[in-house]
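Understanding the architecture of this molecule
Now for the letters of each chain:
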Amino acid sequence: GPPDTLCIVLNVSKSRLTILTALSSSQSLNIIRGDFPPSSKETFFRLLTAQLFIICFPTGVDPVNPSLRTSGCSDKRCPAKPPRGRYAEWNRTSRHLIRVIKPRRTPLHPSAPFPRGTAGHVIGAEGEGSAAPAFSGPGIGAVQLPAGALCAGRAGSGPALLLLPLAFRERMMWPRRAGALGWWLLLLRLAHGVTGGRPCSPKRFGRDALVCVCNSTYCDTHEPVSLPPAGFFVRYETSKSGKRLERSQGAFRRQAAPPDLVLVLEETQRYQTVKGFGGSVTDAASINILSLTPDTQNHLLRSYFAEDGIEYNMIRTPMGSCDFSTRPYSYADWPEDYELEKFSLAMEDLKMKIPVIQRAKAMSKKPISLLASPWTSPIWMKTNNNWKGKGSLKGKAGSKVHKTWANYFIKFLDEYAKHNLTFWAITAENEPTAGLLTDYPIQCLGFTPERQRDFIALDLGPALANSSHKDIRLIILDDNRVHLPRWAKVVLSEDSQARRYIHGIGIHWYLDLIAPINDTVTPTHQFFPDYFLLLTEASAGFQFWEVSVVLGSWDRGNHYSQSILANLNQNVIGWVDWNLALDLEGGPNWVKNYVDSPIIVDVGSDTFYKQPMFYHMAHFSKFIPEGSRRIGVSIVQRYGSCHLEYVALIRPDGAAVVVVLNRTGKTIPFGLSDKMGLIVTEIPPNSIQTYLWKRE
C-alpha cells in the first residue's frame, strides 16, 4: 500500500457500509471492523450496490496537533484490544485528522473540509515516468500521498487507486466549510468510473488450455473503458499464461533511450474508417443461449454486448435456415407462390433469433448494426429442387422467379421491422460459389459473378431502391477472398448497371491459406476504393482433419487476432465472427458441420466457457469503437526483424489505440512513439496487448 497511509477497505451496499479490514503500508491491521447503517447524510451509499472501495488516510503528523501521530502494528504483535490513539478518522468537531478513541465502534464521520496546501501525484505503472500532478487520475505502482491527501480505489484488475490532490479543493468550487455533503460528493466523483470488473474464474483443459467459467451466479466482467490523464497510458493484456484483459497503467517518457524496436504512429497517413466487430445469431447460437437459465443467459449476452462485456456492435443473422439450424426451411415453402402471399417468419425467428437480438440491443450502450445473409431460396425456385447441391435460380435475371426472390428480401426486412429490428446491410447471397459445386452438403444457391451482377441490376437493386429499405447497404460476394479481385471486377465494372446499388464487398476466411491477402484484398481496394471491404464470417475448427471444439485453445485465439490485424491493415472496415455460442460438440448443425466458437455452452451444468478467441476479439471490439480511423505505423529498429503484428487507430474521441500481437515464444521489448512522447514497454510471449491514451 501507499507508504505512511492507513487504508480502510469498505464494502458499500444498498443498506449498509461495512468496514472489512484496514491496512497500513504492508502491515495488515485487521482490527477496525463493523457494520454501520446509513444515516440521512449518507445518500451517496444508497446510489451504489455492492461496490468495494478503499479510503486512505495519511498516518503522518496531525495538522492540528503535531505531537499526535498515528501508528500501526503487525499481525502478530497486535493486542487483543487496540490501544487508544492508534487509528485515524475524520472528526466532526475539529474538522481535521485526529486519533480515534474507540476504533471498533466509532463510525467514519468524513465531514471535514480538507487541510489546505496539500497535493498529490501519481507515478506510472511499475514506477515508470516522472511524477505529474493530477486531479483524479488512475494510478498503478508507487503512489505517494502527502499528509492530508485522500484516495479512493477498488479491488480487482485496473487502477488500484484514484488520487485526489486536495490542493484543488477550491478549484472545484467547493464551499470553504464543505461539511458532510461535500465529502460524499467527492466520493461519488471518485467512484464514477472506478467500478471494477470481476476476474476470470479459470478452468484448465490441459497445460496451456484455459477458459473462463460462467454460470448463473458468477461471470467475469470488464470495467467500462476509461482514458487516463494526458501523459499516461493504459494497457490491457491477455496471454497464454492466463491473463485476461488485465489492466495496467504507465506514463510517457519525454527523455528516455528508445528500445531497439519502436513503432511510430504516423497521424498524417489516414486510411479506412472502422465499422466494427461482432458475431452471428444463428439458430444454433440461439438454441444454446436459450437453453441456459435466465441469469446465465443474461451473463452470456452481457459478456458480448454490455458495457461491462466486450461491446460487440455488429450482429449477422441468416435469412432463413443455414447449416447451423436443426432443419432446412425457408419463409415461403409453398410452390408457385410468386406473390409471396404465404410468406411468414419461422418459429426459429419468432421464438429464438429475434428475442436474442432484441435483448442484445437492449443491453448495449452502442448502436448495434444488423447484417442479414440468405443461404438458399425456397427449393421450388431452384433448378435442382433441393436445399443442397448444385443449383441456381430458375430462369434468367429479370424473370418471374428472380423478381420473386428479390421481393423475398423485402418481405424479410418488412417482417423484422415489425419487431423493431432494422438492418444496416444485407448480402446478395452467402457463399454464392457453393451452389455451383455438385453434392455440396449445405444449403446454398449458386451464382457466378456475371449472374450476381445481372440479378442485382435487374431485380434486387431496383426492389430495394423502390422499398422503404432503400438506405440499406448491399454487399456482394460474401464468400472466400480467393475470388477476389475477379468477382469485384465483373460485378463492379464500369459498364455494370449493378454498381450503383452496391456499397461493399464481403469476404470469408476459409481459404486464406491459398489466397494471400496481398493478392486478393489489396488489389480489390486499389481497384474499387469507394466500396468497403468487410469480413463477414470466420470460425475455427472447420477443416475436416481438425477437432471441432478445442476448449481453451490459445492457437485459435491467435488465429483470430492475426486475421483481424491483417485485414484491418488492408483497409477492411470490420470483422464479424460466426456463431456467438455453440455446444460442446460444436453444434447443433443439421448436416454435422461442427465448428468452434468463442463461447461454448455446457447445458447440463448451466455453464458456459469463454475461450481465448473471446478475449482476442475483446482487444478489438471493446477498444476500437465505430468511427475509429486507422493511421500509419512506421518501424524504427536497430537490428533484426520485427516479429510483432500491430495496428494503430485514432478513436472518435481523439484518443489513440494500438493493438499489438506477439505470437512468438519470447518477450519482446519495444516502444510506442507518438506526439505525447515515448512508451517504453514489452510484450510477453504468446500474448496480445491493447494500448490507449489521450493525445491532447
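Residues numbered from 1 in each chain as written. Predicted model: local features only at pLDDT ≥ 70, side-chain atom pairs only at ≥ 80, totals over all residues. Heavy atoms only, no water.

Quick word on the packing of aromatic side chains
Taken as a whole and assessed by the stated rule, the structure comprises 33 aromatic pairs. Between Phe-277 and Phe-620, the ring centres sit 6.1 Å apart and the planes meet at 40 degrees, which makes this aromatic pair tilted. Taken together, the residues Phe-277 in strand 19 (residues 276-280) and Phe-620 in helix 11 (residues 612-621) connect sequence positions 343 residues apart. When the ring of Phe-324 is compared with that of Trp-578, the centres are 5.9 Å apart and the planes differ by 85 degrees; the resulting orientation is edge-to-face. Pair noted here: Phe-324 is in the loop between strand 20 (314-318) and helix 5 (347-363) and Trp-578 is in strand 26 (residues 572-579), with a separation of 254 residues, a long-range link. (Phe/Tyr/Trp six-rings, centres within 6.5 Å; stacked < 30°, edge-to-face > 60°. Helix = DSSP H or I, 4+ residues; strand = E, 2+ residues; numbered from the N terminus.)

Some remarks on the environment of Ile-472
Structurally, Ile-472 is set in the loop between helix 7 (449-465) and strand 23 (473-480). With 59 residues separating them along the chain, Ile-472 and Leu-413 place their C-alpha atoms 10.0 Å apart. Beyond its immediate sequence surroundings of up to four residues, Ile-472 is in contact with Leu-413, Phe-423, Trp-424, Ala-425, Ile-426, Leu-464 and His-503. (Contact = heavy atoms within 4.5 Å.)

As for the pattern of salt bridges
Going through the model one piece at a time under the given rule, you end up with 26 salt bridges. We note a salt bridge from Glu-307 to Lys-365, for which the minimum N-O separation is 2.9 Å. Highlighted residues: Glu-307 in the loop between helix 4 (294-305) and strand 20 and Lys-365 in the loop between helix 5 and strand 21 (369-373), separated in sequence by 58 residues. By sharing partners, the salt bridges in this structure join Glu-267, Arg-270, Asp-674 and Arg-695 into a single network. (Salt bridge = Lys/Arg side-chain N within 4 Å of Asp/Glu carboxyl O.)

A short note on the state of the cysteines
Applying the stated criterion to the full structure yields two disulfides. Bridging Cys-200 to Cys-212, the disulfide has an S-S length of 2.0 Å. Sign of the S-S torsion, about -110 degrees for the bond between Cys-200 and Cys-212, identifies this disulfide as left-handed. Highlighted residues: Cys-200 in the loop between helix 2 (179-191) and strand 14 (202-204) and Cys-212 in strand 15 (residues 210-214), separated in sequence by twelve residues. The disulfide partner of Cys-214 is Cys-219, and the S-S distance across this bridge is 2.2 Å. Given an S-S torsion of about 65 degrees, the disulfide between Cys-214 and Cys-219 has right-handed geometry. By relative accessible area, which is 2% here, Cys-219 ends up buried. (Disulfide = S-S within 2.5 Å. Buried < 20%, exposed > 50% of the residue type's maximum accessible area, 1.4 Å probe, protein only.)

A word on helix 4
Along its twelve residues, helix 4 runs 16 Å from first to last C-alpha, staying within 8% of the 16 Å computed at 1.5 Å per residue. Within helix 4, the full set of buried residues consists of Thr-296, Gln-297, His-299, Leu-300, Leu-301, Ser-303, Tyr-304 and Phe-305. Structurally, helix 4 contributes buried residues whose contacts are with helix 3 (283-290), strand 20, helix 5, strand 28 (599-602), strand 29 (607-610) and helix 11. (Expected span 1.5 Å × (residues − 1).)

Things to note about the sheet that holds strand 16 (residues 232-239)
Ordered by their spatial adjacency, nine strands build an open sheet running 17-16-35-32-31-30-18-33-34, and the pairing between neighbours is mixed. Of all the strands in the sheet, just strand 17 (246-251) and strand 34 (677-683) have a single pairing partner and so form its edges. Neighbouring strand axes in the sheet, compared pairwise and without regard to direction, differ in orientation by 25 degrees on average. Where strand 16 lies against strand 17, six bridges are found, and the strand directions are antiparallel. (Pairing = 2+ DSSP bridges. Axes fitted to C-alpha atoms, helices over the stretch in contact; angles between N-to-C directions.)

This is a description of form; function is not addressed.
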